[in-house]
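Residue-level structure breakdown
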Amino acid sequence: MDEKAKKLIAEAGKSIESVMNLPELEEIRVKYLGKKGEITQALRSLGQYSQEEKPVIGRFFNKAREAVTEMIESRRGEIVSVELENKLKSEDLDVTLPGRKPSVGARHPVNVVYEELERTFAHLGFEVVEGPDVELDYNNFEALNVPKNHPSRDIQDTFYITDDFVLRTHTTCVDIRILKCRKPPIRAIIPGKVYRSDASDPSHLPVFHQLDGLVVDERITFGDVKGVLARFAHEFFGPDTDVRFRPSYFPFTEPSAEMDVSCVICHGAGCRLCKHTGWLEILGAGLLHPMVLKEVGYDPEELSGLAFGMGIDRVTMLKYGIDDIRLLAENDLAFNRQFMHV
Ligand code: DAH
């Protein structure tokens, strides 16, 4: 019996030694010491031995149980410390490695230009007013004297939400909101996103940015249009900039004009940017049409106003020589970073 117990202890010892992880060690524990384990069973079946044999055999197996338990516990300790060591090794942190720089964003060139426009007009006494992107058809077209059959009202050009609501196609619609809720004198610029049902190409995006301007007071004349916009051009494009006004047509202004500035690249000599004309078209402008003033409840004999509107993306492109408007919609940080400090 002594031999049998010794053999059992030796055998258990061998398998305990060779085990490398806790689940396998547990299997061995169950094999010997579990409810149906070899040692437990042996101790349970002492009854079949004679009175003399019982204590001897019992002692052996009790000894075996103690020995195996001890071996298992000490192996468990070893495995735990090896596993801990491995874990620490795998999570090893080399504090001497160079750190990773947090990535810093960049202001978008359209924002950079918009802020400059805002500053320029602030010097001329203009406040900033904003309106909603989803606009009444009435404010976007009807009240601005855009007739029902005007091509810009076509669903080819305008995103209709319902028959009465559109995604605004220009920021001029906010003029109507301002005229309806403010008393003159009014001097406001209106920046914002506008929407047109256009496919994107180098000079079109379905969403772009405009800045409208509105001045309403007694005796506003075309002289004010020229004065305000020439001042703006000199401050924004530089004091040597020439401006010229060409007659044009907009349904909500009369008379209407377009303003050109001398080319920012060639200063009038002619180059690719200005298509060899020496001029760049910057904005549309005019005196508020009497129909528009009447529509919002003013007497055109007593009050007059001027309006102007420009594309912020277009001005950004001209200012920085960007030749594809789609670059402005990509939000590529490397691209945007180029304009942060200009
Ligand atoms: N709303 C016009 C457009 O989107 C631009 C414009 C022209 C605005 C003349 C004005 C203006 O306020 O007076 O093409």
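Further up the page is the structure itself.
Residues numbered from 1 in each chain as written. Predicted model: local features only at pLDDT ≥ 70, side-chain atom pairs only at ≥ 80, totals over all residues. Heavy atoms only, no water.

**Focus on the overall build of the chain**
As a reminder of what qualifies: Helix and strand definitions here come from DSSP, where helices need a minimum of 4 consecutive H or I residues and strands a minimum of 2 consecutive E residues; each element is numbered from the N-terminal end. C-alpha atoms define the radius of gyration, and 2.2 Å times the number of residues to the power 0.38 defines the globule rule. Three exposure classes are used, based on accessible area relative to the maximum for each residue type with a 1.4 Å probe and protein chains only: buried under 20%, partly exposed in between, and exposed over 50%. Any pair of residues with heavy atoms lying within 4.5 Å of one another is described as a contacting pair.
Summing up its helical and strand segments, the chain has 11 helices and nine strands in all. The C-alpha atoms of the chain give 42 Å as radius of gyration, which overshoots the globular expectation for 342 residues (20 Å, by more than 25%). Taking the principal axes of its C-alpha atoms as reference, the chain extends roughly 130 × 45 × 35 Å. Relative to its 342 residues, the chain shows a buried fraction of 41%. If you take every contact in the chain between residues at least 6 apart in sequence, the share linking residues at least 24 apart comes to 65%.

**Remarks on the pairing of strand 8 (residues 279–288)**
This is how the line gets drawn: Note on pairing: two strands pair once DSSP finds at least 2 bridges between them.
Along strand 8, eight of the 10 residues are buried, which leaves the element largely enclosed by surrounding structure. Two strands pair when backbone bridges link them, and strand 7 (residues 253–262) and strand 8 are joined in this way by eight bridges, in the antiparallel orientation. Residue pairing across strands places Met-259 opposite Leu-283, the latter belonging to strand 8. Bridging between strand 8 and strand 9 (residues 304–311) involves five bridges; their strand directions are antiparallel. The residue of strand 9 that forms the bridge with Leu-287 is Leu-306.

**Considerations on the site of the ligand**
What counts, and what does not: Summary of the distance rule: residues count as near a molecule or strand when at least one heavy atom falls within 4 Å of that molecule or strand. In the analysis that follows, any N or O atom pair within 3.5 Å is treated as a polar contact, provided that within protein one partner can donate a hydrogen and the other can accept it, and provided that, for residues neighboring in sequence, both atoms belong to side chains. Lys, Arg, Asp and Glu make up the charged group, whereas Ala, Val, Leu, Ile, Met, Phe, Trp, Tyr, Cys and Pro make up the nonpolar group; the residues left over, Gly among them, are polar.
Close to the ligand lie 14 residues, the nearest being His-170, Thr-172, Arg-196, Gln-210 and Asp-212. His-170 is positioned with one of its side-chain polar atoms (N or O) 3.0 Å from a nitrogen atom of the ligand. Arg-196 places a side-chain nitrogen or oxygen 2.9 Å from an oxygen atom of the ligand. Contributing elements (two or more residues each) for the shell around the ligand: strand 5 (207–217), strand 8 and strand 9. Residues that form the shell around the ligand fall into these classes: five nonpolar, seven polar and two charged.

**A word on helix 5 (residues 109–123)**
Rule in force here: By definition here, a helix of n residues has an expected span of 1.5 Å times n minus one.
Across its 15 residues, helix 5 extends 21 Å between first and last C-alpha, which sits within 8% of the 21 Å expected from 1.5 Å per residue. Among the residues of helix 5, those classed as buried are Pro-109, Val-110, Val-112, Val-113, Tyr-114, Glu-116, Leu-117, Thr-120 and Phe-121. Gly-125 sits one or two residues past helix 5 and shows a positive phi near 85°.

**Section: the nonpolar core**
The line we're drawing: Note on terminology: a nonpolar core comprises buried Ala, Val, Leu, Ile, Met, Phe, Trp, Tyr and Cys residues joined through side-chain atoms within 4.5 Å.
Core analysis: the biggest nonpolar cluster contains 44 residues, and Phe-121, Phe-232, Phe-308 and Met-310 have the highest contact counts within it. Those elements that place two or more of their residues in this core are helix 5, strand 5, helix 8 (222–237), strand 7, strand 8, strand 9 and helix 10 (312–320). It is helix 8 that provides the largest number of residues to this core, a total of seven residues. Residues within four places of Phe-308 in sequence aside, it is in contact with Phe-121, Phe-126, Ile-189, Leu-211, Asp-212, Gly-213, Val-228, Leu-229, Gly-284 and Ala-285. Among the nonpolar cores identified, the runner-up in size contains 24 residues, and Ala-143, Cys-173, Ile-178 and Val-296 belong to it.

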